[in-house]
Amino acid sequence: HQKTKSKKLFQSDVLLTSMELNKKQVLQGVIRDITDRKHAEEKLKNSEEKYRSIIENMQDVFYRTDIDQNLTMISPSGLKLLGYDSDEGLLGKNISGLFYKKSARYFQFLDVLEKNGSVTNIELEIFCKDGSAIPIMSSSSYYLDRHGIPLGIEGIITNISERKKAEEQLKKAMTKA
């Protein structure tokens, strides 16, 4: 920290170099005000903590892949839903072969995503670690770099098992009536 003429403190970087001047060793220095940079870093840190907290505490599943559909991120709720203890061994794996049941609906999901750049509330099935299938609803889209080039897919997955059970019970009750 340094002080201005008005005694105001500011954060700084100091660069000192030793040099010889008139046969005497002297120090030459540069002081740079980095207060704005430090404030920006603090804002970024707070923002990252806020979004990390949202992802870690959400009930639905957030996932992100690279452009080849290799998993790069999955929320803790996704690990729990799929029966995994950690994301180790999952990251880098292709989600189309690992999670999604390749059905006509899955290929429709990919088709719509390719044509529109996003898919909203499409029902699919995904496989858990133990091999069981779970009905889900997915809303997914491409995420882009600053030039509009797709970098991968990200989305939200909702477990709709309970809703599907209720629909099945209602259907059974209606056929008995």
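Everything here concerns the structure above.
Residues numbered from 1 in each chain as written. Predicted model: local features only at pLDDT ≥ 70, side-chain atom pairs only at ≥ 80, totals over all residues. Heavy atoms only, no water.

### So, the sheet that holds strand 6 (residues 71-74)
Pairing within the open sheet is antiparallel, and its five strands lie in the order 6-5-9-8-7. For this open sheet the edge positions go to strand 6 and strand 7 (118-127), each flanked by a neighbour on one side alone. Averaged over all pairs of adjacent strands, the angle between strand axes in this sheet comes to 30 degrees, irrespective of strand direction. One ladder, built from three bridges, connects strand 5 (residues 61-65) with strand 6; its direction is antiparallel. If you follow T65 over to strand 6, its bridge partner there is L71. (Pairing = 2+ DSSP bridges. Helix = DSSP H or I, 4+ residues; strand = E, 2+ residues; numbered from the N terminus. Axes fitted to C-alpha atoms, helices over the stretch in contact; angles between N-to-C directions.)

### Quick look at unusual backbone geometry
Of note in the backbone geometry, K23 takes a positive phi value of approximately 60 degrees without being a glycine. By the secondary structure assignment, K23 is in the loop between strand 3 (12-21) and strand 4 (24-33). Look at Q69: it is not a glycine, yet its phi comes out positive at around 70 degrees. Here Q69 shows up in the loop between strand 5 and strand 6. Owing to a relative accessible area of 17%, Q69 belongs among the buried residues under this scheme. (Buried < 20%, exposed > 50% of the residue type's maximum accessible area, 1.4 Å probe, protein only.)

Purely spatial values, then, with no claim about function.
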